[in-house]
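Structural overview for review
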Amino acid sequence: MQTQLEMFETNLGSVRTAVTRTSPAAFQETLADVVDEPAIGAPLPFEEVSLEGLDIVLEPTPDQLREAACGVTAAALGVADYGTVVLESTPDGTELAGLFPDRHVIVVRERDLVDDMAAAFERLGERFRTGDGDAVLATGPSATADMGELVYGVHGPRETHAVIVEDDAE
Amino acid sequence: MSSERSRKAERIRQIMATEGDSVERNARGFNEGRYESVARLEDYDAYKDRARAIKADAIERLPELIERVRETVEENGGTVYVAEDAADANRYVRELARERAAETVVKSKSMTTEEIDLNEALAAEGCDVWETDLGEFVLQVADEAPSHLVAPAIHQSRAEIAALFNEYFDPDTELETAEELTAFAREYLGERIEDADIGVTGANFVTADTGTMALVTSEGNARKTVAVPDTHVAVAGVEKIIPTFEDLQPFVELIARSGTGQDITSYVSLFSPPVSTPPVDFDDDGPIADDSADREFHLVLLDNGRMDMREDDQLRETLYCIRCGACSNSCANFQSVGGHAFGGETYSGGIATGWEAGVHGQESADEFNDLCTGCSRCVNQCPVKIDIPWINTVVRDRRNRGAEDGRLDFLVEGLTPDEEPAGMDLQKRFFGNFATLSKLGSATAPVSNWVADTLPSRLAMERVLGIDRRRDLPEFDRETFVEWFRNRDVPRPVDADYHAVVYPDLYTNYIRTDRGKATVRTLEALGVAVDVPDVASSGRAPLSQGMIATAEDHAREVSADLEPYLEAGYDVVAVEPSDLAMFRGEYERLLDERRYRALAERSYEVFEYIYGLLENGVDPAPLGHASDGDGAGSALAYHSHCQQRTLELEAYTTNVLERLGYDVLESDVECCGMAGSFGYKREYYDLSVDVGERLGEQFEAPDTADRTVVASGTSCLEQLDGLLARQPRHPISLVEPDGSE
């Protein structure tokens, strides 16, 4: 019997998303390993981890957005049975950082995992009703089959990589 | 009429030759993906029921929900405009473009904007309009219309797209691979998106309670179209509204699975615009987050005939459609020709008849409505369980009645149970009145068979009735099945536990009487007291031609003929699956509730009935077993029948045959391409054979080539007979008691 976390990891794998598990303490070190430069990002809405101090531009200009090889953004939820992450839009441009660069590094906390879409929609319904009203259910990289065969990285990222921040032991 | 038929046949042949291979490969790929993907989904059926209930509720409460959307979108800071028709919607968007002095507009795929020709309207305003969905981009460059609801360019191969791009864009290095083509399009369209003043999207769903629109995509173009320009216009049919945010969930689980066979697309965007992402001005050097420009959002809700469809009892279900394209992918004819033959001005595939009749008017549906053979394959594949063949039949009926232009006339007229109109197409009248023809043909057999088969007759039939001379005609038996039973001197079992009427459908009664006789012998051997009364024909033939009033008359006659038997405790056993499908399906719409239930609940397909008897402990010993060696051999290749499969009945035949020692290999090809009258018609003969060849190939593969071929439906048997060297048989001929020739 797989745990919820294991199921999420397995399903991320099957939608072509690489996975790295890390602890809050090792987070910055882990991230430095998986980020390609130049990198842009948006501040993480989490207490336990932050992008501050890493070589990641958090308030990019349009040129930096265009030139970035990698974008780092937070996921509000992870949906275990699909390997889906919920990416919220914010005024500081989370959506852009996760959409323009070739590589998207998604930071998701273990505590934000839910089993399935039904649970995700329950959580999202609460948010959407209180005014946080934009989110993308993202499952794997951007893809198209319109050119005769499956190709990754069309208008969105070619590669997706999830960094899962484990819950603190206590 | 004759030259019109030739033109149609020629056009279909040409599309099959140029686009057929690509369409077939892609549509069948989606189809196979769907089977696998829905199998992985727990509670698939429960989701379909929920999805249908949500849409039914939403369409019922639509006026109220439109007002609710207006409130929530305005609360969020956007604007809602309900456009009466295409001109009204286009005018609104054009004025916006003028106000914004828009030079470049980028679009994310939207069939609704195709429906109103928004691109042309914007071009007239001087805007450069670019489709950012790669499939749509290909079509824009090629100046072609979409051929599929979800994958608009499936009729084009990679090589064709490469040739098109190399010719049109003349790139420094010739483009060849899918990777290269994609990279080129990404770069080219990326620049257009950066320049864009307005982004236009459709919407897959709009939720009334939160003003959220759901966009289902995989490329990311919808996200960029919404995020980059500061003005976003969404154009959506009013039917896209669902009541609550949580109502999105079953659709998110179903839509990609139903469409392309993926569990979910890469992106399901849930935006409550104006979105909180800052717009990107690529001419600006400052941080994007500092951009204080206000975002503007306009939701254009399009009526364009939809509110009238809502009032139309027969077309209303069309509005439940979530445009996934499952009906197209599962349709054997669509797999051969795609949406350029099987579609109207905008919409394609099975559900397109309803859409085109509703939004563009009857004449746009006329063009392709006949390509639905009523096989019902799509009904179980539709995630909201729309009875698409019924909608097609209704539109065919209205068309027979010569519904004039303008969509309102026929909506008001509805289905009036009067005689079929005199001016109706002669070919349709001929096939629709097959019952009368059969009676006559049988009464004058064998002369009628001989006359019909002479070359002058065939030429005349082809010219006048459009019956293709390459198709073998059925041969009428001199003695009908009913007469045979009446003249027979066999004592009926006394104190039988089971009483059954074997339904003498047209084919069993006049043409394939042997299978009726075999059924009687089989049931009697199992201790059933059998009767074969003279019962009216089911009405399948007129229904197929869109003659609903005539079919209704037949249904009433059948019901009246069988009523005394049903009251006396008889079951009804049908040999022909399409007739059983009438009793259990269409009769619900043709008879009153009580009569329908009385018949539907007591009707069985012959092998379903035999299976029931065996399950109830009846001894199969008297039946023909594989080991009896009547020349058939014990290895069978079995093709079920489309409507039999929709009713999930094919397993009974396989099970009974296996109990009797046969080794059964069942075809997984979903359609024989014949569908009653369809394959006889000159304009569709080639298409019917193209579809049939998939079945033919499967039954000529090394592991099936030596097997005896059996099939349940008359049409399937006729098609297989035309395709194979071996003569196919009805399975009942293998199980009837020994020595009963």
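Note that the structure is a prediction, hence the values are computed from the model and not measured.

Definitions and limits used
- Residues numbered from 1 in each chain as written.
- Chains lettered and ligands numbered in written order.
- Predicted model: local features only at pLDDT ≥ 70, side-chain atom pairs only at ≥ 80, totals over all residues.
- Heavy atoms only, no water.
- Buried < 20%, exposed > 50% of the residue type's maximum accessible area, 1.4 Å probe, protein only.
- Helix = DSSP H or I, 4+ residues; strand = E, 2+ residues; numbered from the N terminus.
- Pairing = 2+ DSSP bridges.
- Phe/Tyr/Trp six-rings, centres within 6.5 Å; stacked < 30°, edge-to-face > 60°.
- Axes fitted to C-alpha atoms, helices over the stretch in contact; angles between N-to-C directions.
- Parallel < 35°, antiparallel > 145°, perpendicular 65-115°, else oblique.
- Contact = heavy atoms within 4.5 Å.
- Nonpolar A, V, L, I, M, F, W, Y, C, P; charged D, E, K, R; others polar.
- Domains from an automatic or database assignment.
- Core = buried A, V, L, I, M, F, W, Y, C linked by side-chain atoms within 4.5 Å.
- Left-handed = near helix turned anticlockwise from the far one by under 90°.
- Salt bridge = Lys/Arg side-chain N within 4 Å of Asp/Glu carboxyl O.
- 1 Å grid on protein atoms, 1.4 Å probe; cavity = no way out; pocket = protein on both sides within 12 Å on 5 of 7 lines; lining within 4 Å.
- Points joined across faces, edges and corners; volume = space filled by probe spheres on them.
- Buried area = accessible area lost by both parts, 1.4 Å probe.
- Polar contact = N/O pair within 3.5 Å; in protein donor to acceptor, adjacent residues only side chain to side chain.

1. With respect to the pairing of strand β15 (residues 635-639) of chain B
Residues and elements named next belong to chain B.
- Burial runs high along β15: four of the five residues are buried.
- Bridge count for β15 against strand β16 (residues 663-666) is four bridges, and the pairing is parallel. Considered in β16, the bridge of Tyr638 is made with Glu666.

2. Digging into the packing of aromatic side chains
All names here are of chain B.
- Going through the model one piece at a time under the given rule, you end up with 30 aromatic pairs over all chains.
- Aromatic side chains Tyr81 and Tyr92 sit 4.4 Å apart centroid to centroid with 5° between the ring planes, which places their arrangement in the stacked category. Taken together, the positions of Tyr81 in strand β1 (residues 79-83) and Tyr92 in helix α5 (residues 86-99) put the pair eleven residues apart, joining distant regions of the chain.
- Given a relative accessible area of 14%, Tyr92 falls into the buried group.
- Seen in terms of ring centroids, Phe137 and Tyr188 are 5.8 Å apart; in terms of plane orientation they differ by 35°. Their pairing is tilted.

3. Considerations on the packing of helix α28 (residues 548-567) of chain B against helix α29 (residues 577-590) of chain B
Residue and element names in this part refer to chain B.
- It is at 10 Å that the axes of α28 and α29 come closest, and there the two elements cross at 110°. What the angle tells us is that α28 and α29 run roughly perpendicular. In contact with Ile548, Ala551, Glu552, His554, Ala555 and Val558 of α28, α29 contributes Phe583, Tyr587 and Leu590.
- Tallied by class, the residues present in the contact of α28 with α29 amount to seven nonpolar, one polar and one charged.

4. Considering unusual backbone geometry
- Of note, the bond from Glu37(A) into Pro38(A) is cis; its omega dihedral lies within 30 degrees of zero at -5°.
- Mapping Pro38(A) onto the fold places it in the loop between α2 (27-34) and β2 (39-41).
- Residue Pro274(B) is bonded to the preceding Pro273(B) through a cis peptide linkage, with omega at 0°.
- In the Ramachandran plot, Arg16(A) falls in the positive-phi region, its phi being about 60° despite a non-glycine side chain.
- Looking at the element boundaries, Arg16(A) is found in the loop between α1 (4-14) and β1 (17-22).

5. Some points on the domain arrangement of chain B
- If you check the domain split of chain B, you get domain 1 (86-302) and domain 2 (481-735).
- For domain 1 of chain B versus domain 2 of chain B, the distance between C-alpha centres works out to 50 Å.

6. Some thoughts on the nonpolar core
Residues and elements named next belong to chain B.
- Within the largest apolar cluster, 116 residues are counted, with the highest numbers of intra-cluster contacts made by Leu270 and Leu371.
- In terms of residue count, the dominant contributor to this core is helix α3 (residues 44-60) (six residues).
- Here this core spans two domains, and each of domain 1 (86-302) and domain 2 (481-735) adds at least three residues to it.
- Among all residues touching Leu371, those that are not within four sequence positions of it are Ile12, Asn333, Val337, Ala341, Phe342, Phe678, Tyr684 and Leu687.

7. Observations concerning the packing of helix α17 (residues 362-369) of chain B against helix α18 (residues 388-400) of chain B
Residues and elements named next belong to chain B.
- The N-to-C vectors of α17 and α18 enclose an angle of 110°; their axes lie 10 Å apart at closest approach. Considering the angle they form, α17 stands roughly perpendicular to α18. When you trace α17 past α18, the crossing you get is left-handed. Residues Gln362, Ala365, Asp366 and Asn369 of α17 form the contact with α18, whose participating residues are Asn392, Val395, Arg396, Arg398 and Arg399.
- Among the residues making up the contact of α17 with α18, the classes are represented as two nonpolar, three polar and four charged.

8. A few points about the pattern of salt bridges
All names here are of chain A.
- The final tally for this structure, using the stated rule, is 70 salt bridges over all chains.
- In this structure, Asp36 engages Arg103 in a salt bridge whose closest nitrogen and oxygen atoms are separated by 3.8 Å. Of this pair, Asp36 sits in the loop between α2 and β2 while Arg103 is found in strand β6 (residues 103-109), placing the two residues 67 residues apart along the sequence.
- By relative accessible area, which is 35% here, Asp36 ends up partly exposed.

9. Brief notes about empty space enclosed by the protein
Residue and element names in this part refer to chain B.
- What the rule picks out here adds up to nine cavities of 30 Å³ or more.
- For the largest cavity, the calculated volume is near 150 Å³.
- Of all the secondary structure elements, the ones that give two or more residues to the lining of the largest cavity are α15 (332-337) and α18.
- If you tally residues by element for the lining of the largest cavity, the top one is α18, at three residues.

10. Regarding the interface of chain A and chain B
- On the side of chain B, 60 residues touch chain A, which itself brings 50 residues to the contact.
- Both faces combined, the contact of chain A with chain B buries some 4700 Å², and carbon together with sulfur accounts for 59% of it.
- Of all residues in chain A, Phe121(A), Met147(A) and His155(A) bury the most surface against chain B, accounting for 18% of the area lost on that side.
- Where chain A touches chain B, the interface holds four salt bridges.
- Linking Glu246(B) and Arg129(A) is a salt bridge whose minimum nitrogen-to-oxygen distance equals 2.4 Å.
- On the surface where chain A and chain B come into contact, there are 26 residue pairs in polar contact (both at pLDDT 80 or more).
- A class-by-class count of the residues in the side of chain A that touches chain B yields 24 nonpolar, 16 polar and ten charged.
- Two strands pair when backbone bridges link them, and strand β8 (residues 134-138) of chain A and strand β9 (residues 267-271) of chain B are joined in this way by five bridges, in the antiparallel orientation.

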